[in-house]
Amino acid sequence: MLRHIVRHIVKGRDNVFKASRRPNGLDISLSSTLENIDRADKNTKGFLHGMGLEAEAFAIRVAMREGILNAIRHGSCGDRNRIIRYSLRLENNSLIMEIEDEGSGFDWRTSLENKHLSNSGSGRGLSIMKAYFADVTFNDKGNKLILRKKIS
Amino acid sequence: MPWLHVELGQAIIIIIVRKGDRLMEKAKKEAEQRVFRPGEDIVAPTVDGLRKKLLNLMEGGGKELVVDLTGVQMIDSVGIGLLVATHNSLHKTGGRLVVTNASKDICDLFKAMRLDQHFELRMSE
(Lines give C-alpha, C1' and ligand atoms only; values in the text may rest on other atoms or scores of the structure.)
Protein backbone atom coordinates (compact mmCIF):
# COMPACT_ATOMS: atom_id res chain seq x y z
CA MET A 1 0.00 0.00 0.00
CA LEU A 2 2.74 2.42 1.05
CA ARG A 3 4.72 1.54 -2.08
CA HIS A 4 1.65 2.28 -4.17
CA ILE A 5 1.20 5.70 -2.55
CA VAL A 6 4.90 6.57 -3.01
CA ARG A 7 4.75 5.46 -6.64
CA HIS A 8 1.69 7.63 -7.15
CA ILE A 9 3.37 10.66 -5.57
CA VAL A 10 6.59 10.36 -7.59
CA LYS A 11 4.80 9.57 -10.86
CA GLY A 12 5.89 11.99 -13.53
CA ARG A 13 8.97 13.23 -11.69
CA ASP A 14 11.28 11.64 -14.25
CA ASN A 15 10.60 14.40 -16.76
CA VAL A 16 10.93 17.56 -14.69
CA PHE A 17 12.87 20.54 -15.94
CA LYS A 18 11.92 23.95 -14.60
CA ALA A 19 14.16 26.96 -15.07
CA SER A 20 13.55 30.47 -13.78
CA ARG A 21 15.70 33.56 -14.06
CA ARG A 22 16.15 36.33 -11.51
CA PRO A 23 18.01 39.61 -12.14
CA ASN A 24 21.28 38.14 -10.80
CA GLY A 25 20.47 34.48 -10.66
CA LEU A 26 19.23 31.29 -12.21
CA ASP A 27 17.24 28.51 -10.54
CA ILE A 28 16.63 25.10 -12.07
CA SER A 29 14.85 21.99 -10.81
CA LEU A 30 15.51 18.88 -12.84
CA SER A 31 14.92 15.16 -12.87
CA SER A 32 18.07 13.07 -12.54
CA THR A 33 18.78 12.38 -16.22
CA LEU A 34 21.90 12.97 -18.29
CA GLU A 35 19.84 14.80 -20.93
CA ASN A 36 18.93 17.37 -18.30
CA ILE A 37 22.62 18.21 -17.82
CA ASP A 38 22.66 19.49 -21.40
CA ARG A 39 19.49 21.50 -20.79
CA ALA A 40 20.90 23.03 -17.60
CA ASP A 41 24.11 23.80 -19.48
CA LYS A 42 22.20 25.59 -22.22
CA ASN A 43 20.36 27.72 -19.63
CA THR A 44 23.63 28.45 -17.81
CA LYS A 45 25.30 29.52 -21.05
CA GLY A 46 22.40 31.89 -21.78
CA PHE A 47 22.47 33.30 -18.25
CA LEU A 48 26.24 33.92 -18.35
CA HIS A 49 25.94 35.54 -21.75
CA GLY A 50 23.24 37.86 -20.36
CA MET A 51 25.52 38.78 -17.45
CA GLY A 52 28.50 39.44 -19.73
CA LEU A 53 30.45 36.56 -18.17
CA GLU A 54 31.46 34.73 -21.36
CA ALA A 55 35.11 34.68 -20.29
CA GLU A 56 34.17 32.60 -17.24
CA ALA A 57 31.65 30.45 -19.07
CA PHE A 58 33.76 27.34 -19.69
CA ALA A 59 34.90 27.10 -16.05
CA ILE A 60 31.38 27.57 -14.70
CA ARG A 61 29.72 25.25 -17.19
CA VAL A 62 32.19 22.41 -16.71
CA ALA A 63 31.91 22.68 -12.90
CA MET A 64 28.10 22.72 -13.18
CA ARG A 65 28.20 19.59 -15.34
CA GLU A 66 30.41 17.80 -12.80
CA GLY A 67 28.23 18.88 -9.88
CA ILE A 68 24.98 17.71 -11.47
CA LEU A 69 26.58 14.51 -12.74
CA ASN A 70 27.77 13.69 -9.23
CA ALA A 71 24.31 14.47 -7.87
CA ILE A 72 22.70 12.12 -10.43
CA ARG A 73 25.16 9.30 -9.84
CA HIS A 74 25.78 9.46 -6.12
CA GLY A 75 22.90 11.53 -4.70
CA SER A 76 20.05 10.19 -6.81
CA CYS A 77 21.80 6.83 -7.40
CA GLY A 78 20.58 6.93 -10.99
CA ASP A 79 16.89 7.20 -9.97
CA ARG A 80 15.35 9.50 -12.61
CA ASN A 81 12.50 10.42 -10.26
CA ARG A 82 14.77 12.18 -7.79
CA ILE A 83 14.89 15.93 -8.21
CA ILE A 84 18.06 18.01 -8.21
CA ARG A 85 18.01 21.72 -7.45
CA TYR A 86 20.65 23.84 -9.08
CA SER A 87 21.14 27.57 -8.66
CA LEU A 88 23.66 30.12 -9.81
CA ARG A 89 23.81 33.67 -8.53
CA LEU A 90 26.07 36.69 -8.62
CA GLU A 91 26.51 38.29 -5.20
CA ASN A 92 29.04 41.02 -4.32
CA ASN A 93 31.43 40.10 -7.15
CA SER A 94 31.23 36.42 -6.25
CA LEU A 95 29.58 33.71 -8.25
CA ILE A 96 27.84 31.14 -6.08
CA MET A 97 26.65 27.80 -7.40
CA GLU A 98 24.56 25.39 -5.34
CA ILE A 99 23.52 21.87 -6.33
CA GLU A 100 21.31 19.90 -3.97
CA ASP A 101 20.08 16.35 -4.39
CA GLU A 102 17.59 14.20 -2.50
CA GLY A 103 20.18 11.63 -1.44
CA SER A 104 21.47 10.81 2.01
CA GLY A 105 24.73 12.70 1.52
CA PHE A 106 28.32 11.48 1.69
CA ASP A 107 31.61 11.98 3.55
CA TRP A 108 32.73 14.92 1.45
CA ARG A 109 35.62 15.93 3.73
CA THR A 110 37.49 12.70 2.95
CA SER A 111 36.67 12.93 -0.77
CA LEU A 112 37.92 16.51 -1.01
CA GLU A 113 41.22 15.53 0.59
CA ASN A 114 41.87 12.69 -1.87
CA LYS A 115 43.84 13.71 -4.90
CA HIS A 116 42.97 12.32 -8.32
CA LEU A 117 45.21 9.89 -10.15
CA SER A 118 45.91 11.38 -13.53
CA ASN A 119 46.31 7.98 -15.22
CA SER A 120 43.04 6.66 -13.84
CA GLY A 121 39.93 6.48 -16.04
CA SER A 122 37.58 8.07 -13.47
CA GLY A 123 37.32 10.19 -10.32
CA ARG A 124 38.10 13.64 -11.65
CA GLY A 125 34.81 15.41 -10.94
CA LEU A 126 35.81 17.11 -7.70
CA SER A 127 39.30 17.88 -9.02
CA ILE A 128 37.79 19.72 -11.99
CA MET A 129 35.55 21.77 -9.69
CA LYS A 130 38.51 22.59 -7.45
CA ALA A 131 40.55 23.67 -10.47
CA TYR A 132 38.04 26.40 -11.30
CA PHE A 133 36.41 27.36 -7.99
CA ALA A 134 38.41 28.67 -5.04
CA ASP A 135 35.84 27.41 -2.56
CA VAL A 136 34.30 23.93 -2.85
CA THR A 137 32.23 22.82 0.14
CA PHE A 138 29.12 20.84 1.08
CA ASN A 139 26.50 21.16 3.75
CA ASP A 140 26.99 18.93 6.81
CA LYS A 141 24.76 16.19 5.45
CA GLY A 142 26.74 16.12 2.21
CA ASN A 143 23.84 16.40 -0.23
CA LYS A 144 24.33 20.05 -1.16
CA LEU A 145 27.38 21.25 -3.06
CA ILE A 146 28.36 24.91 -2.72
CA LEU A 147 30.91 26.45 -5.10
CA ARG A 148 32.18 30.02 -4.89
CA LYS A 149 34.52 32.02 -7.07
CA LYS A 150 35.43 35.68 -7.33
CA ILE A 151 34.49 37.42 -10.54
CA SER A 152 36.85 40.18 -11.59
CA MET B 1 78.87 13.45 -74.39
CA PRO B 2 77.62 9.98 -73.37
CA TRP B 3 78.78 10.42 -69.73
CA LEU B 4 76.25 13.26 -69.35
CA HIS B 5 73.42 10.91 -70.36
CA VAL B 6 74.58 8.31 -67.86
CA GLU B 7 74.75 10.83 -64.98
CA LEU B 8 71.39 12.32 -65.90
CA GLY B 9 69.87 8.84 -65.99
CA GLN B 10 71.34 7.99 -62.60
CA ALA B 11 70.00 11.26 -61.12
CA ILE B 12 66.51 10.52 -62.45
CA ILE B 13 66.62 7.01 -61.01
CA ILE B 14 67.73 8.36 -57.62
CA ILE B 15 64.87 10.91 -57.61
CA ILE B 16 62.32 8.22 -58.50
CA VAL B 17 63.61 5.84 -55.81
CA ARG B 18 63.61 8.58 -53.15
CA LYS B 19 60.08 9.64 -54.07
CA GLY B 20 59.02 5.98 -53.87
CA ASP B 21 60.59 5.69 -50.42
CA ARG B 22 58.75 8.79 -49.25
CA LEU B 23 55.43 7.48 -50.56
CA MET B 24 56.00 4.13 -48.85
CA GLU B 25 56.91 5.89 -45.61
CA LYS B 26 53.74 7.98 -45.83
CA ALA B 27 51.60 4.90 -46.58
CA LYS B 28 53.21 3.05 -43.64
CA LYS B 29 52.55 5.98 -41.32
CA GLU B 30 48.93 6.21 -42.49
CA ALA B 31 48.49 2.47 -41.91
CA GLU B 32 49.77 2.87 -38.35
CA GLN B 33 47.71 5.99 -37.62
CA ARG B 34 43.98 6.30 -37.00
CA VAL B 35 42.13 9.60 -36.74
CA PHE B 36 39.04 9.96 -34.56
CA ARG B 37 36.90 13.07 -35.01
CA PRO B 38 34.10 13.17 -32.40
CA GLY B 39 32.59 16.32 -33.92
CA GLU B 40 30.50 16.88 -30.77
CA ASP B 41 31.12 17.60 -27.10
CA ILE B 42 32.67 14.68 -25.19
CA VAL B 43 30.43 14.69 -22.14
CA ALA B 44 28.45 12.21 -20.04
CA PRO B 45 25.36 12.14 -22.35
CA THR B 46 27.48 11.50 -25.49
CA VAL B 47 30.29 9.29 -24.21
CA ASP B 48 28.59 5.90 -24.68
CA GLY B 49 28.00 6.58 -28.39
CA LEU B 50 31.51 7.94 -28.87
CA ARG B 51 33.05 4.95 -27.08
CA LYS B 52 31.40 2.59 -29.59
CA LYS B 53 32.72 4.61 -32.54
CA LEU B 54 36.18 4.68 -30.99
CA LEU B 55 36.23 0.92 -30.41
CA ASN B 56 35.19 0.29 -34.02
CA LEU B 57 38.01 2.52 -35.22
CA MET B 58 40.59 0.84 -32.98
CA GLU B 59 39.57 -2.63 -34.18
CA GLY B 60 41.31 -1.74 -37.44
CA GLY B 61 44.66 -1.68 -35.61
CA GLY B 62 47.25 1.08 -35.84
CA LYS B 63 49.77 2.25 -33.30
CA GLU B 64 48.89 5.93 -33.13
CA LEU B 65 45.44 7.32 -32.48
CA VAL B 66 44.90 10.98 -33.27
CA VAL B 67 41.82 12.47 -31.60
CA ASP B 68 40.91 15.59 -33.55
CA LEU B 69 38.88 17.90 -31.31
CA THR B 70 37.79 20.28 -34.06
CA GLY B 71 34.30 21.51 -33.15
CA VAL B 72 34.48 20.14 -29.60
CA GLN B 73 33.64 22.92 -27.15
CA MET B 74 33.17 20.97 -23.94
CA ILE B 75 34.66 17.91 -22.29
CA ASP B 76 33.86 16.66 -18.79
CA SER B 77 35.34 14.09 -16.43
CA VAL B 78 33.54 11.24 -18.22
CA GLY B 79 34.96 12.40 -21.57
CA ILE B 80 38.42 12.74 -20.05
CA GLY B 81 37.99 9.23 -18.62
CA LEU B 82 37.31 7.91 -22.13
CA LEU B 83 40.50 9.48 -23.49
CA VAL B 84 42.60 8.27 -20.55
CA ALA B 85 41.24 4.70 -20.83
CA THR B 86 41.99 4.76 -24.58
CA HIS B 87 45.49 6.08 -23.92
CA ASN B 88 46.09 3.35 -21.32
CA SER B 89 45.03 0.53 -23.65
CA LEU B 90 47.13 1.92 -26.54
CA HIS B 91 50.11 2.34 -24.22
CA LYS B 92 49.95 -1.34 -23.23
CA THR B 93 50.52 -2.37 -26.85
CA GLY B 94 53.24 0.18 -27.54
CA GLY B 95 50.88 2.70 -29.14
CA ARG B 96 50.12 6.29 -28.29
CA LEU B 97 47.34 8.86 -28.22
CA VAL B 98 47.67 12.34 -29.67
CA VAL B 99 45.04 15.03 -29.10
CA THR B 100 44.92 17.75 -31.74
CA ASN B 101 42.95 20.94 -32.40
CA ALA B 102 41.91 21.33 -28.77
CA SER B 103 40.47 24.73 -27.86
CA LYS B 104 42.35 26.88 -25.35
CA ASP B 105 39.76 26.12 -22.66
CA ILE B 106 40.12 22.37 -23.19
CA CYS B 107 43.94 22.62 -23.27
CA ASP B 108 43.88 24.53 -19.99
CA LEU B 109 41.63 21.88 -18.43
CA PHE B 110 43.91 19.05 -19.61
CA LYS B 111 46.92 20.86 -18.18
CA ALA B 112 45.15 21.47 -14.87
CA MET B 113 44.46 17.71 -14.75
CA ARG B 114 48.10 17.07 -15.79
CA LEU B 115 46.96 15.04 -18.76
CA ASP B 116 49.55 16.71 -20.98
CA GLN B 117 52.13 14.58 -19.13
CA HIS B 118 50.45 11.43 -20.44
CA PHE B 119 49.57 12.14 -24.02
CA GLU B 120 50.64 14.65 -26.63
CA LEU B 121 48.39 17.69 -26.72
CA ARG B 122 48.24 20.11 -29.65
CA MET B 123 46.16 23.28 -29.53
CA SER B 124 44.06 24.53 -32.43
CA GLU B 125 45.75 27.32 -34.37
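Residues numbered from 1 in each chain as written. Chains lettered and ligands numbered in written order. Predicted model: local features only at pLDDT ≥ 70, side-chain atom pairs only at ≥ 80, totals over all residues. Heavy atoms only, no water.

Peer 1: Explain the overall build of chain B to me, please; I cannot follow it from the model alone.
Peer 2: Assigned secondary structure in chain B consists of four helices and four strands. Relative to its full complement of 125 residues, chain B shows a buried share of 35%. Per element, the accessible surface of chain B, about 7800 Å² overall, is 55% carbon and sulfur. (Helix = DSSP H or I, 4+ residues; strand = E, 2+ residues; numbered from the N terminus. Buried < 20%, exposed > 50% of the residue type's maximum accessible area, 1.4 Å probe, protein only. Areas by Shrake-Rupley, 256 points an atom, 1.4 Å probe, with all protein chains shown as cover.)

Peer 1: Help me out: how do you make sense of the sheet that holds strand E3 (residues 96-102) of chain B in this one?
Peer 2: The strands making up a sheet associate through backbone hydrogen bonding, with each pair oriented either parallel or antiparallel. Residues and elements named next belong to chain B. Here we have four strands laid out as an open sheet, ordered E1-E2-E3-E4, and parallel in their pairing. Pairing within the sheet leaves two strands with one partner each, and these edge strands are strand E1 (33-36) and strand E4 (120-123). Across the sheet, the mean angle from the axis of one strand to that of its neighbour is 20 degrees, orientation sign disregarded. With four bridges connecting them, E1 and strand E2 (residues 64-68) associate as parallel partners. For Val35, the partnering residue across the bridge sits in E2 and is Val66. (Pairing = 2+ DSSP bridges. Axes fitted to C-alpha atoms, helices over the stretch in contact; angles between N-to-C directions.)

Peer 1: Would you explain the interface of chain B and chain A in this entry?
Peer 2: Quoted interface sizes are often the accessible area lost when the parts come together. In this assembly, 22 residues from chain B lie in contact with 21 residues from chain A. For the chain B and chain A pair, buried surface summed over both sides reaches about 1800 Å², with 66% attributable to carbon and sulfur atoms. Linking chain B with chain A are zero salt bridges, by the criterion used here. At the boundary of chain B with chain A, the tally comes to one residue pair in polar contact (both at pLDDT 80 or more). Of all the secondary-structure elements, those providing two or more residues to the side of chain B that touches chain A are helix H2 (44-59), helix H3 (77-92) and helix H4 (104-112) of chain B. Counting residues per element, the side of chain B that touches chain A draws most heavily on H3 of chain B, which supplies six residues. Class assignment for the residues of the side of chain B that touches chain A results in 13 nonpolar, five polar and four charged. (Contact = heavy atoms within 4.5 Å. Buried area = accessible area lost by both parts, 1.4 Å probe. Salt bridge = Lys/Arg side-chain N within 4 Å of Asp/Glu carboxyl O. Polar contact = N/O pair within 3.5 Å; in protein donor to acceptor, adjacent residues only side chain to side chain. Nonpolar A, V, L, I, M, F, W, Y, C, P; charged D, E, K, R; others polar.)

Peer 1: How do you make sense of H2 of chain B when you look at a structure like this?
Peer 2: For an α-helix, the turn length of 3.6 residues means that residues three or four places apart are oriented alike. All names here are of chain B. Taking 1.5 Å of rise per residue, 16 residues should cover 22 Å, and H2 covers 23 Å from first to last C-alpha, within 8% of that figure. At Leu50, H2 shows its largest kink, close to 25 degrees. For H2, the complete set of buried residues consists of Ala44, Thr46, Val47, Leu50 and Leu54. After H2 finishes, the residue Gly61 shows a positive phi value of roughly 85 degrees. (Expected span 1.5 Å × (residues − 1). Bend = angle between axes of the 7 residues up to and from the residue.)

Peer 1: When you look at the nonpolar core in this model, what are you seeing that I'm missing?
Peer 2: One recurring pattern in soluble globular proteins is that nonpolar side chains are buried together. Core analysis: the largest hydrophobic core is formed by 68 residues, its most contacted members being Ile68 and Tyr86 of chain A together with Phe110 of chain B. If you tally residues by element for this core, the top one is helix H3 (residues 57-75) of chain A, at eleven residues. Not counting chain neighbours up to four residues away, the residues in contact with Phe110 of chain B comprise Ile75, Ile80, Leu83, Val99, Leu115, Asp116, Phe119 and Leu121 of chain B. (Core = buried A, V, L, I, M, F, W, Y, C linked by side-chain atoms within 4.5 Å.)

Peer 1: What should I look at first to understand the confidence of the model for chain A in this one?
Peer 2: With 87% of its residues at a pLDDT of 70 or more, chain A has an overall mean of 89. The least confident element of chain A is helix H1 (residues 2-10) of chain A, whose mean pLDDT is 59; the most confident is strand E4 (residues 94-100) of chain A, at 98. (pLDDT = per-residue confidence, 0-100.)

Peer 1: Would you mind showing me how to read the sheet that holds strand E2 (residues 25-31) of chain A here?
Peer 2: Residue and element names in this part refer to chain A. Spatially, six strands are ordered E1-E2-E3-E4-E6-E5 in an open sheet, and the strand pairing comes out antiparallel. Two strands bound the open sheet, and with one partner strand each, they are strand E1 (17-22) and strand E5 (135-138). When the angles between neighbouring strand axes are averaged without regard to direction, this sheet yields 10 degrees. Taken together, the six bridges between E1 and E2 define a ladder with antiparallel strand orientation.

Peer 1: When you look at a nonpolar patch on the surface in this model, what are you seeing that I'm missing?
Peer 2: A cluster of nonpolar residues, Leu8, Ile12 and Ile16 of chain B, forms a patch on the protein surface that exposes about 300 Å² of accessible area. Here Ile16 of chain B shows up in helix H1 (residues 2-32). (Patch = residues over 30% accessible without salt bridge, like charges linked within 9 Å, V, L, I, M, F, W, Y side chains within 5 Å.)

Peer 1: Would you explain the packing of aromatic side chains in this entry?
Peer 2: The geometry of two aromatic rings is summed up by the distance between their centres and the angle between their planes. Residues and elements named next belong to chain A. The tally for this structure, following the rule as stated, stands at two aromatic pairs over all chains. Considering the side-chain rings of Phe58 and Tyr132, the 6.3 Å spacing of their centres and the 75 degrees angle between planes classify their relative orientation as edge-to-face. Of the two residues, Phe58 sits in helix H3 while Tyr132 sits in helix H5 (residues 125-132), which places them 74 residues apart along the sequence. On the basis of relative accessible area, Phe58 is assigned to the buried category, the value being 5%. (Phe/Tyr/Trp six-rings, centres within 6.5 Å; stacked < 30°, edge-to-face > 60°.)

Peer 1: I keep staring at the environment of Ile28 of chain A and nothing clicks. Help me out?
Peer 2: Residues and elements named next belong to chain A. Its place among the elements puts Ile28 in strand E2. What makes Ile28 buried here is its relative accessible area of 2%. Linking Ile28 and Phe17, residues eleven residues apart in sequence, is a C-alpha distance of 7.1 Å. Not counting chain neighbours up to four residues away, the residues in contact with Ile28 comprise Phe17, Lys18, Ala19, Ala40, Asn43, Ile84, Arg85 and Tyr86.

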